[in-house]
Amino acid sequence: MPRLLDRLGLGTRQLRAWAMYDWANSAFQTTIIAAIFPIYFQKVAAAGLPAPVATSRFAWGTTWSILIVAIVAPLLGSVADRAPVKKTLLAVFLAIGAAATGAMFFISRGEWLFALTLFVVGNVGVAASIVFYESLLPHIAPLDQLDRVSTAGYAIGYVGGGVLLAINIVMMARPEWFWLPDRDTAVRASLASVAVWWVVFSIPLFRDVPEPVTVAGASGGAPALTGAIGQLTQTFRGLRRYKQAFLLLLAFLLYNDGIQTIIRMATIYGTEIGLDDNAMIGALLVTQFIGIPFAFLFGTLADRIGAKTAIFIGLGVYSLITVLGYFMRTSSEFFALAVMVGMVQGGTQALSRSLFASMIPKEKSSEFFAFFGVFERYAGVLGPAVFAWVVARSGTSRSAILSVLAFFLFGAAVLAFVNVAEGRAAVSSTRTP
C-alpha cells in the first residue's frame, strides 16, 4: 500500500492532506459552477428573462468574478511570500466563498441579481483560495514528483466533487429521504451543502500541511504589504529571467480560456437548446468518475513522454469536443462529449500546474502562482466574455461554442515554443548551493 501511494503521488501525510483541498473545493466546481447552479439560475433565479439574456448575464457574472481575482491575486501572492500567511489567506477566502455558497439556500424565483451576486462572491472565494493552495505545492513535493502529486490532487478532486454531486442528485430525486419538503428546497439545499463540504474537508490541509518558510527578511503586517508592492513589480520584471515559464503562461492563458468556457457554459448552453436537466447532471457525474483514472493516467503518461506532449494530447481532444459541441442536438450526444471532457480535463490542467511549478523558484511560489492564477483567471474572463458577446449578437449560444476552438489552437501554437529543459535550467542556475 505505501508503494502504491508513492506511485500515485500520495506517499506522505502532507501530500495527502494537501490533495484533500482539491477534494474540498471541487464540490464548488461541480455543483455550483458546472452542474446545478447554472440550470437553477436559468430556470428559477432568472425566470422571466429570455433564455439567451439569462445565458449572457450568467457569462458576464462569471467574467466579473474572475476579473476581481485576477486583479487582487498577484498582490496577495506577493504578501504571502514575504510573511507566513499562505494558509491564513487561504482560510480567509475559503470563509468568504463558503459563506456566499451557503447563502444560496435563500435564492428565490426571479432573484437573478441576488443569485448572481452570490455566484460572483463564491467564485472570488474559491479562485483566490486556490492561488494559495497551489503555491504550497513546490514546498511539499520534490521536483521529480510534481507531475504525479499535481495529477493526484486533480484525481482526488474528481472523487470529492463527484461524491457530493451524487448525493445532491439523490437529494433532488428523493427530497423526503433528507427530510426536505420538495424538489426546489432540495436544489437549494444542494447548493448550500457545498459550503459544508468545502469547509469540513479543508481541515486536513490546515492541520497537516506546514506554513512554508518565507524569504529572508520578510515580516508581517504593513511592512509586508508595502514591500509586496515593490516586490510584485520586481517579480513581473524578473519574469524575463524565466522566459520559458512566462511563455507557458501565455499558452495557458489561451488554451485554459477554452477549458474554463466549456466547464462554465456547458449546462446553461444545454438548457438553452432544450436538453434534459437530469441527463446533463448525470453526464457531469459520470465525467467526475471517468476523470479519476485518466488524471492518474496523465501523470504516468507525463513520466514517459513528458508533460508538454501530454498536454498537447489533451488539447487535441478538446478541439474535437468543441467542434462536436457545435453540432450537438441530443442528451446522448451531451453525454458522449462529457465523457471525452472527463478523459482530458484533470490531466491537462494538472500537468500545466506541475510543469509551471518546475520552472519557478520555490521561494517565490506564491508570487509566481498568483501570476499563474492571473493568467488562469483572465483566461476565464475572456472566454465567457466572448461567449456572451457572440450570444448577444447571434441570439443563440451555438455559434459561441464554435468560437472556443480558436483558444485551443492558438494555445497549442504558443505551447510548441516552450523549451522545458531551458526553463528548468534557469531555475537551477538561480538557486543558492
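Before any of the text, the structure's been laid out above.
Residues numbered from 1 in each chain as written. Predicted model: local features only at pLDDT ≥ 70, side-chain atom pairs only at ≥ 80, totals over all residues. Heavy atoms only, no water.

Focus on the overall build of the protein
Our working rule: Runs of E in the DSSP output that reach at least two residues are strands. Runs of H or I that reach at least four are helices, and both are numbered from the N terminus. Relative accessibility decides the category of a residue: with a 1.4 Å probe and only protein chains considered, values under 20% of the type maximum give buried, values over 50% give exposed, and everything between is partly exposed. Computed with a 1.4 Å probe, the accessible areas rest on the Shrake-Rupley method; for each residue, only the protein chains presented here act as cover.
In terms of helices and strands, the protein carries 18 helices and zero strands. Across the 433 residues of the protein, 58% fall into the buried class. For the protein, the accessible area works out to roughly 16500 Å², and carbon and sulfur atoms hold 68% of it.

Observations regarding helix H12 (residues 277–305)
To keep it simple, the criterion reads: For a helix, the expected span equals 1.5 Å multiplied by the number of residues minus one. Two axes are fitted around each residue, one to the seven residues ending there and one to the seven starting there, and the angle between them is reported as the bend at that residue. Under the rule applied, a polar contact is a pair of N or O atoms within 3.5 Å (in protein, one hydrogen donor and one hydrogen acceptor; residues adjacent in sequence only if both atoms are side-chain atoms).
Here H12 contains 29 residues, and its C-alpha end-to-end distance of 39 Å stays within 8% of the 42 Å for a straight helix at 1.5 Å per residue. The sharpest bend along H12 reaches about 35 degrees and sits at Gly291, with the proline Pro293 one to four residues further on. The opening residue of H12 is Asp276, an N-cap whose side-chain oxygen sits 3.2 Å from the backbone nitrogen of Asn278.

Details of the nonpolar core
Stated formally: We call a set of buried Ala, Val, Leu, Ile, Met, Phe, Trp, Tyr and Cys residues a nonpolar core when their side-chain atoms join them within 4.5 Å. Any two residues whose heavy atoms approach within 4.5 Å are treated as being in contact.
Counting 126 residues, the largest nonpolar core has Trp18, Phe37, Phe41 and Tyr255 as the members making the most contacts within it. Looking at which element gives the most residues to this core, the answer is helix H2 (residues 13–45), with 21 residues. Each residue touching Tyr255, except ones within four places of it in the same chain, is listed here: Leu248, Ile311, Leu315, Thr348, Ser352, Phe407, Phe408, Gly411 and Leu415. With five residues, the next largest nonpolar core counts Val69, Val124, Ala127 and Val131 among its residues.

With respect to the side chain of Asp22
Along the chain, Asp22 turns up in helix H2. Once residues within four sequence positions are removed from consideration, Asp22 is found in contact with Tyr133, Gly153, Tyr154, Gly157 and Arg353.

A closer look at the packing of helix H7 (residues 146–173) against helix H8 (residues 183–200)
Going by this rule: Helix axes use the C-alpha atoms of the stretch in contact, all axes being lines fitted to C-alpha atoms, and the angles between their N-to-C directions lie in the range 0 to 180 degrees. Throughout this description, any angle smaller than 35 degrees is read as roughly parallel, any larger than 145 degrees as roughly antiparallel, any in the 65 to 115 degree range as roughly perpendicular, and the remainder as oblique. Note on convention: near helix rotated counterclockwise from far helix by under a right angle means a left-handed crossing. Clockwise means right-handed. Amino acid classes used here: Ala, Val, Leu, Ile, Met, Phe, Trp, Tyr, Cys and Pro are nonpolar; Asp, Glu, Lys and Arg are charged; the rest, including Gly, are polar.
At a closest axis distance of 8 Å, the pairing of H7 and H8 adopts a crossing angle of 155 degrees. With respect to their mutual orientation, H7 and H8 come out roughly antiparallel. Crossing geometry of H7 relative to H8 is assigned as right-handed. Here Gly160, Val163, Leu164, Ile167, Asn168, Met171, Met172 and Ala173 of H7 lie close against H8, whose contacting residues are Arg183, Ala186, Val187, Ala189, Ser190, Ser193, Val194 and Trp197. In the contact of H7 with H8, the residues fall into 11 nonpolar, four polar and one charged.

Focus: the pattern of salt bridges
To keep it simple, the criterion reads: One speaks of a salt bridge when a side-chain nitrogen belonging to Lys or Arg is within 4 Å of a carboxyl oxygen belonging to Asp or Glu.
Enumeration according to the criterion identifies seven salt bridges in this entry. Note that Asp208 and Arg207 form a salt bridge whose closest N and O atoms lie 3.2 Å from each other. Here Arg207 falls in the exposed class, since its relative accessible area comes to 54%. Between Glu422 and Lys243 there is a salt bridge, with the nearest N and O atoms lying 3.8 Å from each other. Linking Glu422 in helix H18 (residues 420–430) with Lys243 in helix H11 (residues 243–272), this pair joins segments that are 179 residues apart in sequence. Salt bridges linked by common partners bring Arg13, Arg207 and Asp208 together as one network.

Concerning the packing of aromatic side chains
To keep things clear, this is the line we draw: Working definition: a ring pair exists when centres of Phe, Tyr or Trp rings (six-membered ring for Trp) sit within 6.5 Å. Plane angles under 30 degrees give stacked, over 60 give edge-to-face, the rest tilted. Two conditions define a charge located above a ring, namely a distance within 6 Å from the ring centre to NZ of Lys or CZ of Arg, and an angle within 35 degrees of the ring normal.
A full pass over the atoms with the stated rule returns 16 aromatic pairs. Between Phe252 and Tyr255, the aromatic rings sit 5.6 Å apart at their centres with planes inclined by 85 degrees, giving edge-to-face as the arrangement. One end of the pair is Phe252 and the other is Tyr255, both in helix H11 and three residues apart, which spans about a single turn. Per residue, the accessibility class of Phe252 equals that of Tyr255, and both read buried. Over the face of the ring belonging to Trp112 we find Arg57, whose NZ or CZ atom lies 4.4 Å from the ring centre.

Comments concerning the packing of H2 against H8
Packing of H2 against H8 brings their axes to within 9 Å, and their N-to-C directions diverge by 155 degrees. Relative to H8, H2 is oriented roughly antiparallel. Seen from above, H2 lies across H8 with left-handed handedness. Within the contact between the two elements, H2 uses Tyr21, Trp23, Ala24, Asn25, Ala27, Phe28, Thr31, Ile32, Ile36, Phe37, Tyr40 and Val44 and H8 uses Asp184, Val187, Arg188, Ser190, Leu191, Val194, Trp197 and Trp198.

Looking at helix H14 (residues 331–357)
Taking 1.5 Å of rise per residue, the 27 residues of H14 would be expected to cover 39 Å, and the 39 Å separating its terminal C-alpha atoms lies within 8% of that figure. Its axis deflected by about 30 degrees at Val344, H14 carries its strongest bend there. Counting buried positions along H14 gives 20 out of 27 residues, so the element sits mostly inside the fold.

Concerning a nonpolar patch on the surface
The test is simple: Like charges are joined within 9 Å and nonpolar side chains (Val, Leu, Ile, Met, Phe, Trp, Tyr) within 5 Å, but only among residues with over 30% relative accessible area and no salt bridge; these make up the patches.
Together, Ile167, Val170, Trp177, Phe178 and Trp179 make up an exposed nonpolar region whose accessible area comes to about 570 Å². The topology assignment puts Trp177 in the loop between H7 and H8.

Focus on unusual backbone geometry
Notably, Trp179 is not glycine yet its phi reads approximately 60 degrees, a positive angle. Its place among the elements puts Trp179 in the loop between H7 and H8. A relative accessible area of 78% places Trp179 in the exposed class.

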